[in-house]
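Below are the chains, spelled out letter by letter.
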Amino acid sequence: MLAAAGLGSAIGWGLITSKALEGIARQPEMRPQLMVNMFIFAGLMESFPFILFGVAMWFLFANPFVGTLSSLAGGG
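Since the structure is predicted, the reported quantities are computational estimates derived from the model, not experimental observations. (Residues numbered from 1 in each chain as written. Predicted model: local features only at pLDDT ≥ 70, side-chain atom pairs only at ≥ 80, totals over all residues. Heavy atoms only, no water.)

> Please explain helix α2 (residues 31-61) as it appears in this structure.
Because each turn of an α-helix spans 3.6 residues, side chains separated by three or four positions end up pointing in the same direction. Taking 1.5 Å per residue, 31 residues should reach 45 Å; α2 reaches 45 Å between its end C-alpha atoms and fits that length. Of all the positions in α2, only Met35, Met38, Ala42, Pro49, Leu52 and Ala56 are classed as buried. Looking at the buried residues of α2, the elements they touch are α1 (2-26). (Helix = DSSP H or I, 4+ residues; strand = E, 2+ residues; numbered from the N terminus. Expected span 1.5 Å × (residues − 1). Buried < 20%, exposed > 50% of the residue type's maximum accessible area, 1.4 Å probe, protein only. Contact = heavy atoms within 4.5 Å.)

Here is the structure:
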């Protein structure tokens, strides 16, 4: 799960920067606005693995399904 988040983040970084560079190449006067937008979206892209890490730790240490499964296996 964490590897997929890291891979997705890396692909997202590549797409964000390539499109920003493409936009700057097409309209150099838009560079400041494109750079600000690129860093905002890059920050959002970087937060995704950390959120997924928190969810993974929650399922690892505070799994709500463990109690349900143990009560079902016990029969009552």
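> Please explain a nonpolar patch on the surface as it appears in this structure.
On the surface, Met1, Ile51, Val55, Trp58, Phe59 and Phe65 cluster together to form a nonpolar patch covering roughly 610 Å² of accessible area. Top element by residues in the nonpolar patch is α2. It accounts for 4 residues. Topologically, Val55 is positioned in helix α2. (Patch = residues over 30% accessible without salt bridge, like charges linked within 9 Å, V, L, I, M, F, W, Y side chains within 5 Å. Areas by Shrake-Rupley, 256 points an atom, 1.4 Å probe, with all protein chains shown as cover. Salt bridge = Lys/Arg side-chain N within 4 Å of Asp/Glu carboxyl O.)

> Mind showing me how you'd approach the nonpolar core here?
Nonpolar side chains in soluble globular proteins tend to end up buried together. Among the nonpolar cores identified, the biggest contains 5 residues, and these are Ile16, Ala20, Ile24, Met35 and Met38. Per-element accounting of this core gives the leading share, 3 residues, to α1. Residue contacts for Ala20: discarding those within four places in its chain leaves Leu34 and Met38. (Core = buried A, V, L, I, M, F, W, Y, C linked by side-chain atoms within 4.5 Å.)

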